[in-house]
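Next come the chains, spelled out residue by residue.
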2 protein chains.
Amino acid sequence: SAEGGDDDDDDEFDEDRMTSLDERASKVEAKIKNISGRVMHVNSTLELLRSELDELKNELKQLEKEDATNEHVANARLVFDGAGPGGQLGGFVTPAKHSRFIKYLLGSAVNLVSRKTEERMRLKEEYVNFRETQTISYFLFPLVLFIWYNSKHSGHFFLQSQIAASKHSEFVETVLTASYPIALQAYFSWLLYFYTSLGLRENILKANGSNIRPWWIQHHYYSMAMALCVLTMDVDSPSCVTFIGRFLFFTFCQGIVMFLQNRYQRFRMYTRVAIGKASPMDVSATESGSRLKLLWPLLLTLQTMQLVFGCQVLLRWYKEFARNGKGLSEWQALVAGSLFVLMALGNFNATVMTFIRKRDY
Amino acid sequence: SAEGGDDDDDDEFDEDRMTSLDERASKVEAKIKNISGRVMHVNSTLELLRSELDELKNELKQLEKEDATNEHVANARLVFDGAGPGGQLGGFVTPAKHSRFIKYLLGSAVNLVSRKTEERMRLKEEYVNFRETQTISYFLFPLVLFIWYNSKHSGHFFLQSQIAASKHSEFVETVLTASYPIALQAYFSWLLYFYTSLGLRENILKANGSNIRPWWIQHHYYSMAMALCVLTMDVDSPSCVTFIGRFLFFTFCQGIVMFLQNRYQRFRMYTRVAIGKASPMDVSATESGSRLKLLWPLLLTLQTMQLVFGCQVLLRWYKEFARNGKGLSEWQALVAGSLFVLMALGNFNATVMTFIRKRDY
Ligand SMILES: CC(C)(COP(=O)(O)OP(=O)(O)OC[C@H]1O[C@@H](n2cnc3c(N)ncnc32)[C@H](O)[C@@H]1OP(=O)(O)O)[C@@H](O)C(=O)NCCC(=O)NCCS
Ligand SMILES: CC(C)(COP(=O)(O)OP(=O)(O)OC[C@H]1O[C@@H](n2cnc3c(N)ncnc32)[C@H](O)[C@@H]1OP(=O)(O)O)[C@@H](O)C(=O)NCCC(=O)NCCS
């Protein structure tokens, strides 16, 4: 019958398809087996490179200690940092152990190394971009909250005179009163996120050859602790009232300085790429000295402000809470104040050390 | 003079040292240049492998859709998953784009792929270890806090009868009262850390070939939101009083189930390694079915409890806060309740889907 004929056709067609699938499949199988062999080969090549490079890196460091100005030593360093055909070689040595921060959050077995030079450059560029975008929030959040806080404590909310005329004034006031703590806590949560992300990203940069000072990473850990501490505050608690105005004012000022800091860092990054320095992560100091002239005094002013605010909060905690037996329940003032003092001193130290090093050039 | 002679000797010695330094340095320079060339070669080999593998992977997927039981198709899959001499090949294809979570925290340019099979196995093992260690805190924290909470709400702290006899009783009570919120907030902070770390680690596992369902990762994001939400609660607020007892009781029960879950996951990991399955990240279902028989009802009970608690809190928020105009200031009850309901439903769905899939084997 016609139907039988159709079936026959189908069967033949099916068989054809099966053979061709079988053929295609065995081709793919053969190719994948071939690739697996090549992968084994690449893996052992990489291992060999690693052990050779580990040794050479140590020798190079030793030579640099003996005489860093020797032409061959300097050349070897340039090649290691990316002047050769292979680009940066830092990704091919045995990676340094992860910091404790990375161990706690990502574990110690994770690989964070980008081997290729372009990937490493993208990492740095992304970090700078991230800082720049987030600085806007860093600046706007405390600005809005500071105005809100002040108008609340002067007894009336901003815009209230206009609103009072309307018949919804009571409703609006309720909403404004209830949203202030929410806005504040949203800000603290964002801060926690921002500092955590910076801490993670800077550790990743470090694993990819950046020369960032350990303190600049550590001070983000302290900032995280600070954000967590203020997050646990009850907005109407005495601790909060003592601390929050100063905190908002300080972070607002810091936001402004961060704009300048970011511009300086982006400028450095571009200059380094433009003048074709071997490594994008390499410390190049001279070219940007003049940009720093504005930054130094601002940073020192900020750090002084941080120190003074920290001491004020600590003093107040001691006088009003600790002596009153409320020291424990107002622990946030103690912790936040101490962290402020600690960070002010650490930032001051790291800034001065950087200044001294750069002056030598 | 004798001194002159000494100087001469020194000079000669210096010169000798310089020559040998120069020699050593030029050797190191030559070696590093050689390595740089080899690195360039390896980089291009890797790139070639990547483009070939990308194509083969697509072909393989296509073939699997047509007929996954074909011998060559199955073999090709086995080799891709690690049965060949090169081990797992998944680390050599173009990596998938990072999830938004990774982008926000680590950035999109970071490399998280471990290429070598052993490194990938270490990742998984570390994840299981991490879960196991942290489960102890997950279980102990709410246990202690729940007892503390109940003794506080029944008007006296535990151990108080013993303490009352001593002359320091008042001091001890003050300290206990003041430390309860601190302990609670320490717990919430730890929870936030735990969930963040799980979210990060699971994303990293996924980038390294794990078959984990997206929901199990996502539900850690919701858990993070929950931890953040309870962290902002004032301990004496009505929201907190409504929510916290249930929350502690639930997480305590969850801690117990997590012990079993961890044992099951470790067993699965070992079995897979022991029976020499191609990929340690591969889904192998049959061998552990019996262990799951205990887990299914416990998980469903837990999820029902989560749903009920969530609904209770939502109902209470609606009746006592929303209708009283305090809905906004007690937003934590609304958010925490909703998150509980959401997670209960999502967990239920994912568990049932896994059950159905596993039943087919
Ligand atoms: C002082 C300062 C301007 C010097 O910047 P610099 O010229 O880039 O410093 P260095 O030459 O030592 O930089 C070495 C590396 O560390 C990085 N780095 C320096 N300071 C950094 C910081 N605060 N955060 C992140 N990275 C930083 C640089 O980008 C460079 O990275 P690279 O090796 O990947 O190229 C800078 O450290 C700074 O702004 N510090 C102040 C921060 C501060 O005090 N903040 C709180 C305000 S009170
Ligand atoms: C249901 C369940 C036991 C199934 O586990 P399973 O047999 O490992 O599931 P699958 O076979 O789908 O696993 C696939 C992969 O996802 C991983 N995985 C599954 N569930 C996971 C979870 N909840 N968390 C982390 N990873 C999980 C597995 O380890 C496996 O990883 P691999 O590919 O690297 O080997 C498990 O998902 C589970 O315990 N879920 C309940 C979680 C829960 O509800 N928690 C809240 C309590 S209400």
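Since this is a predicted model, take the numbers as computed values, not measurements. (Residues numbered from 1 in each chain as written. Chains lettered and ligands numbered in written order. Predicted model: local features only at pLDDT ≥ 70, side-chain atom pairs only at ≥ 80, totals over all residues. Heavy atoms only, no water.)

Trainee: Help me understand the overall build of chain A in this model?
Mentor: A tally of regular secondary structure across chain A gives 10 helices and zero strands. The buried share among the 361 residues of chain A stands at 46%. Contacts spanning at least 24 positions in sequence make up 76% of the contacts within chain A whose residues lie at least 6 apart. (Helix = DSSP H or I, 4+ residues; strand = E, 2+ residues; numbered from the N terminus. Buried < 20%, exposed > 50% of the residue type's maximum accessible area, 1.4 Å probe, protein only. Contact = heavy atoms within 4.5 Å.)

Trainee: Would you mind going over the packing of helix H7 (residues 214–231) of chain A against helix H10 (residues 331–359) of chain A with me for this structure?
Mentor: Each packed pair of helices is defined by two parameters, the angle between the axes and the distance between the axes. Residue and element names in this part refer to chain A. Across the interface, H7 lies against H10 with an axial gap of 10 Å and an inter-helix angle of 165 degrees. With respect to H10, the element H7 is oriented roughly antiparallel. Relative to H10, the crossing made by H7 is left-handed. Residues Trp215, Trp216, His219, Tyr222, Ser223, Ala225, Met226 and Cys229 of H7 touch H10, and the partners they reach there are Trp331, Gln332, Val335, Ala336, Leu339, Phe340, Leu342, Met343, Gly346, Asn347, Ala350 and Thr351. Here the contact of H7 with H10 is built from residues that sort into 14 nonpolar, six polar and no charged. (Axes fitted to C-alpha atoms, helices over the stretch in contact; angles between N-to-C directions. Parallel < 35°, antiparallel > 145°, perpendicular 65-115°, else oblique. Left-handed = near helix turned anticlockwise from the far one by under 90°. Nonpolar A, V, L, I, M, F, W, Y, C, P; charged D, E, K, R; others polar.)

Trainee: Hey, could you run me through the interface of chain A and chain B in this one?
Mentor: Many analyses report the size of an interface as the accessible area lost when the parts associate. Chain A puts 84 residues into the contact, and the matching count from chain B is 84 residues. Summed over both sides, the interface between chain A and chain B buries roughly 7,400 Å², with carbon and sulfur atoms accounting for 66% of that surface. Between the two partners, chain A and chain B, sit six salt bridges. Residue Lys116(A) pairs with Glu47(B) through a salt bridge whose shortest N-O separation is 2.6 Å. Across the chain A-chain B interface, the total number found is 34 residue pairs in polar contact (both at pLDDT 80 or more). Here the element with the most residues in the side of chain A that touches chain B is helix H1 (residues 2–67) of chain A; it accounts for 32 residues. Each residue belonging to the side of chain A that touches chain B can be placed in one class, and the counts come to 43 nonpolar, 23 polar and 18 charged. (Buried area = accessible area lost by both parts, 1.4 Å probe. Salt bridge = Lys/Arg side-chain N within 4 Å of Asp/Glu carboxyl O. Polar contact = N/O pair within 3.5 Å; in protein donor to acceptor, adjacent residues only side chain to side chain.)

Trainee: What is the right way to read helix H6 (residues 169–207) of chain B from this model?
Mentor: Given 3.6 residues to a turn, an α-helix orients residues that are three or four positions apart in the same direction. All names here are of chain B. Across its 39 residues, H6 extends 56 Å between first and last C-alpha, which sits within 8% of the 57 Å expected from 1.5 Å per residue. Maximum bend of H6: about 30 degrees, positioned at Ser179, with proline Pro181 one to four residues after it. In the stretch just after H6, Gly209 is the one whose phi turns positive, near 95 degrees. (Expected span 1.5 Å × (residues − 1). Bend = angle between axes of the 7 residues up to and from the residue.)

Trainee: Any chance you could explain the pattern of salt bridges here in plain terms?
Mentor: Charged atoms that come close allow side chains of opposite charge to pair. All told, the structure shown has 18 salt bridges over all chains when counted by the stated rule. The residue Glu29(A) makes a salt bridge to Lys33(A) at a minimum N-O spacing of 3.1 Å. With Glu29(A) and Lys33(A) both in helix H1 and four residues apart, the pair spans about one turn of that helix. Across the pair Asp81(A) and Arg77(A) runs a salt bridge, and its minimum N-O distance is 3.6 Å. Of this pair, Asp81(A) and Arg77(A) both sit in helix H2 (residues 71–83), separated by four residues, roughly a single helical turn. By relative accessible area, Asp81(A) is classed as partly exposed at 23%. Beyond isolated ion pairs, a larger network of salt bridges with shared partners links Glu47(A), Lys116(B) and Glu118(B).

Trainee: Got a minute to help me understand the environment of Lys124(B) in this structure?
Mentor: Residue and element names in this part refer to chain B. Mapped onto the fold, Lys124 is located in helix H4 (residues 117–153). In this structure Lys124 comes out as buried when scored by relative accessible area, which is 16%. Here the alpha-carbon distance between Lys124 and Arg201, two residues 77 residues apart in the chain, equals 9.1 Å.

Trainee: It is not clear to me how the relation of the copies chain A and chain B should be interpreted in this structure. Could you clarify?
Mentor: Relating one copy of the chain to the other takes a rotation about an axis and a shift parallel to that axis. The operation relating chain A to chain B is a screw motion whose rotation component is 180 degrees, with 0.0 Å of axial translation and a residual RMSD of 0.0 Å. The relationship between the two copies is best expressed as a two-fold rotation axis. Mapped onto chain B, 100% of the interface residues of chain A are again interface residues, and the two copies thus contact each other with one and the same surface. (Least-squares fit on C-alpha atoms with pLDDT ≥ 70 in both.)

Trainee: Before we go on, may I ask you to explain the confidence of the model for chain A in this structure?
Mentor: In low-pLDDT segments, the atomic positions of the prediction should not be examined closely. Residue and element names in this part refer to chain A. With 86% of its residues at a pLDDT of 70 or more, chain A shows a mean pLDDT of 87. Ranking the elements of chain A by mean pLDDT puts helix H5 (residues 160–165) last, at 58, and helix H3 (residues 100–106) first, at 98. In the model, residues 1–5 has pLDDT below 50 throughout and makes zero contacts with residues more than four positions away in sequence or in other chains. Confidence over residues 278–285 falls short of pLDDT 50; this stretch has 29 contacts with residues more than four positions distant or in other chains. (pLDDT = per-residue confidence, 0-100.)

Trainee: Help me out: how do you make sense of the packing of aromatic side chains in this one?
Mentor: Residue and element names in this part refer to chain A. Enumeration according to the criterion identifies 48 aromatic pairs over all chains in this entry. Ring centres of Phe141 and Trp190 lie 5.7 Å apart, and the angle between their planes is 40 degrees; on these two criteria the pair is classed as tilted. A residue pair is termed long-range when its members are at least 10 positions apart, and Phe141 in helix H4 (residues 117–153) and Trp190 in helix H6 (residues 169–207) qualify at 49 residues. Judged by relative accessible area, which is 27%, Phe141 ranks as partly exposed. In this structure, Arg115 packs its charged tip against the face of Phe92, placed 5.4 Å from the ring centre. Note that Arg201 overlies the ring of Phe130, its terminal NZ or CZ placed 3.7 Å from the centroid. (Phe/Tyr/Trp six-rings, centres within 6.5 Å; stacked < 30°, edge-to-face > 60°. Lys NZ or Arg CZ within 6 Å of the ring centre and 35° of its normal.)

Trainee: Mind showing me how you'd approach the side chain of His98(B) here?
Mentor: All names here are of chain B. Residue position: His98 is located in the loop between helix H2 (71–83) and helix H3 (100–106). Under the relative-accessibility criterion, His98 is labelled buried at 18%. Within the structure, His98 has its side chain in polar contact with the backbone oxygen of Val110 (distance 2.7 Å). Those residues within four positions of His98 in sequence are excluded, and the remaining contacts are Lys103, Gly107, Ser108, Val110 and Leu112.

Trainee: It is not clear to me how a nonpolar patch on the surface should be interpreted in this structure. Could you clarify?
Mentor: A contiguous nonpolar surface patch, about 250 Å² in accessible area, is contributed by Ile136(A), Leu140(A) and Phe259(A). Relative to the helices and strands, Ile136(A) is located in helix H4. (Patch = residues over 30% accessible without salt bridge, like charges linked within 9 Å, V, L, I, M, F, W, Y side chains within 5 Å. Areas by Shrake-Rupley, 256 points an atom, 1.4 Å probe, with all protein chains shown as cover.)

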